[in-house]
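Notes for the structure review
Letter by letter, the chains look like this.
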There are 2 protein chains.
Amino acid sequence: MFAIVDEKIDVGALIEGARRPDCGAVSTFVGTTRVDEAGDNSVEYLEYEAYRPMADRKLEEIGAEIEERWDVGHVAIVHRVGRVDPGEASVAIVVASPRRGPAFEASRYAIERIKEIVPIWKREVWSDGYVWVGSQVGTRPG
Amino acid sequence: MFAIVDEKIDVGALIEGARRPDCGAVSTFVGTTRVDEAGDNSVEYLEYEAYRPMADRKLEEIGAEIEERWDVGHVAIVHRVGRVDPGEASVAIVVASPRRGPAFEASRYAIERIKEIVPIWKREVWSDGYVWVGSQVGTRPG
């Protein structure tokens with residue numbers, strides 16, 4: 001399952017959906033909004049924008065790369081767009097595999113690749129303004 | 001939170017409980033019952049036994065080791081004992097950290113250390129008999 005969504009990500013349901021009888025390991029990564037601070041100011045929330053449908057296709061591409069490289073039974077990547085409040089998940093990656101090594105490696109690979117190739121941009125909204133951070137790719141679109 | 005439990009592990013709730021405003025990454029590992037097959041026979045379920053309260057203390061020790069080595073905001077390790085059916089979780093590890101590197105490394109470390117130092121034993125119950133497997137430590141107690 002590869003999806004870009006507007007609403008809260010239900011990580012528990014994604015993990016439930018990854019369970020398979022031929023897999024003994026499920027590795028999950030969740031990226032959440034961190035409240036950075038600078039002087040008297042702090043991050044109030046994050047806002048993500050995706051360039052679609054390219055972003056959807058790139059998530060699927062990462063899934064295909066993982067299935068080529070590792071023995072995995074299930075891969076799910078869900079990225080949220082729009083406003084994401086502190087502690088809420090912006091991205092969830094769930095990989096089930098027969099053994100734990102590939103599950104750990106593939107979930108780590110997925111988050112690194114998302115930041116490399118998926119056209120999603122992040123805006124940090126601070127108490128005193130905002131800043132676009134090139135977390136997912138280098139620059140803003142257009 | 002470090003616990004040995006008899007009932008189903010609620011992984012979603014553990015992840016919810018790990019969210020902190022100063023952390024941007026949550027890495028989770030779930031070990032589940034895998035249905036291995038050999039000829040006409042297959043694993044029907046797993047059964048875990050713990051030597052307590054030593055096992056509880058060892059889980060806490062692993063948590064302390066992680067907090068010494070990495071910048072983490074939250075560590076939870078829950079291991080189930082008794083019968084664990086296919087696809088169900090026997091162990092869940094949740095690590096929240098400001099950044100993703102330490103979260104991945106610490107959750108991997110936790111499962112390796114559980115298998116090294118926590119006195120928990122696993123019995124594979126096959127359709128044609130059972131076998132104790134030294135997954136958690138080398139030998140059965142006494």
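Structural notes, computed from the coordinates. Just so it is clear, the structure is predicted and the values come from calculations on it, not from any experiment.

In terms of regular secondary structure, chain A is built from three helices and nine strands. The secondary structure elements of chain A, listed N-terminal to C-terminal, are β-α-β-β-β-α-β-β-β-α-β-β. By its C-alpha atoms, chain A is 50 × 30 × 25 Å across when sized along the principal axes. Within chain A, buried positions represent 57% of all 142 residues. Approximately 6,300 Å² of chain A is accessible, and the part contributed by carbon and sulfur atoms is 45%.

All names here are of chain B. Orientation of helix α2 (residues 54–69) relative to helix α3 (residues 100–117), taken along the N-to-C sense of each, is 145°, at an axis distance of 10 Å. As α2 packs across α3, the resulting crossing turns out to be right-handed. The residues of α3 that touch α2, namely those facing K58, L59, E61, I62, E65, I66 and R69, are A106, Y109, A110, R113, I114 and I117. Taken together, the residues of the contact of α2 with α3 sort by class into eight nonpolar, no polar and five charged.

All right, on to the sheet that holds strand β2 (residues 25–32) of chain A then. A sheet is described by the order of its strands in space; here eight strands give the open sequence β1(A)-β5(A)-β7(A)-β2(A)-β2(B)-β7(B)-β5(B)-β1(B), paired in mixed fashion. If you trace the sheet from one side to the other, it starts and ends with β1 (2–5) of chain A together with β1 (2–5) of chain B, each paired once. Pairs of neighbouring strands in the sheet enclose a mean axial angle of 10°, with direction left out of account. Where strand β5 (residues 74–80) of chain A and strand β7 (residues 89–97) of chain A come together, six bridges link them in antiparallel fashion. Within β7(A), the position partnered with A:V75 by the bridge is A:V95.

A few words now on the interface of chain B and chain A. Counting residues at the interface gives 32 residues for chain B and 32 residues for chain A. A buried area of about 2,700 Å², summed over both sides, lies between chain B and chain A, and 54% of it is on carbon and sulfur atoms. Taken together, the connections running from chain B to chain A amount to two salt bridges. We note a salt bridge from A:E112 to B:R100, for which the minimum N-O separation is 2.7 Å. Counting across the interface, chain B meets chain A through 15 residue pairs in polar contact (both at pLDDT 80 or more). Its residues assigned to classes, the side of chain B that touches chain A comprises 13 nonpolar, 10 polar and nine charged. When β2(A) meets strand β2 (residues 25–32) of chain B, the two strands line up antiparallel, connected through seven bridges. Among the inter-strand pairings, A:V26 is bridged to a residue of β2(B), identified as B:V30.

Once chain B is rotated about the relating axis by 180° and shifted along it by 0.0 Å, it coincides with chain A to within an RMSD of 0.0 Å. Those values place the two copies in the arrangement expected of a two-fold rotation axis. Taking C-alpha positions as the reference, the residue of chain B nearest the rotation axis is B:G12, at 2.0 Å. When the interface residues of chain B are mapped onto chain A, 100% of them are again interface residues, pointing to one common binding face.

What follows deals with unusual backbone geometry. Working note: non-glycine residues mostly have negative phi, and peptide bonds are mostly trans. A cis amide bond links A:R52 to the next residue, A:P53, at an omega of 5°. By the secondary structure assignment, A:P53 is in the loop between β4 (41–50) and α2 (54–69).

The rules behind the values
Residues numbered from 1 in each chain as written. Chains lettered and ligands numbered in written order. Predicted model: local features only at pLDDT ≥ 70, side-chain atom pairs only at ≥ 80, totals over all residues. Heavy atoms only, no water. Helix = DSSP H or I, 4+ residues; strand = E, 2+ residues; numbered from the N terminus. Buried < 20%, exposed > 50% of the residue type's maximum accessible area, 1.4 Å probe, protein only. Areas by Shrake-Rupley, 256 points an atom, 1.4 Å probe, with all protein chains shown as cover. Axes fitted to C-alpha atoms, helices over the stretch in contact; angles between N-to-C directions. Left-handed = near helix turned anticlockwise from the far one by under 90°. Contact = heavy atoms within 4.5 Å. Nonpolar A, V, L, I, M, F, W, Y, C, P; charged D, E, K, R; others polar. Pairing = 2+ DSSP bridges. Buried area = accessible area lost by both parts, 1.4 Å probe. Salt bridge = Lys/Arg side-chain N within 4 Å of Asp/Glu carboxyl O. Polar contact = N/O pair within 3.5 Å; in protein donor to acceptor, adjacent residues only side chain to side chain. Least-squares fit on C-alpha atoms with pLDDT ≥ 70 in both.

Purely geometric stuff here, so don't read any function into it on its own.
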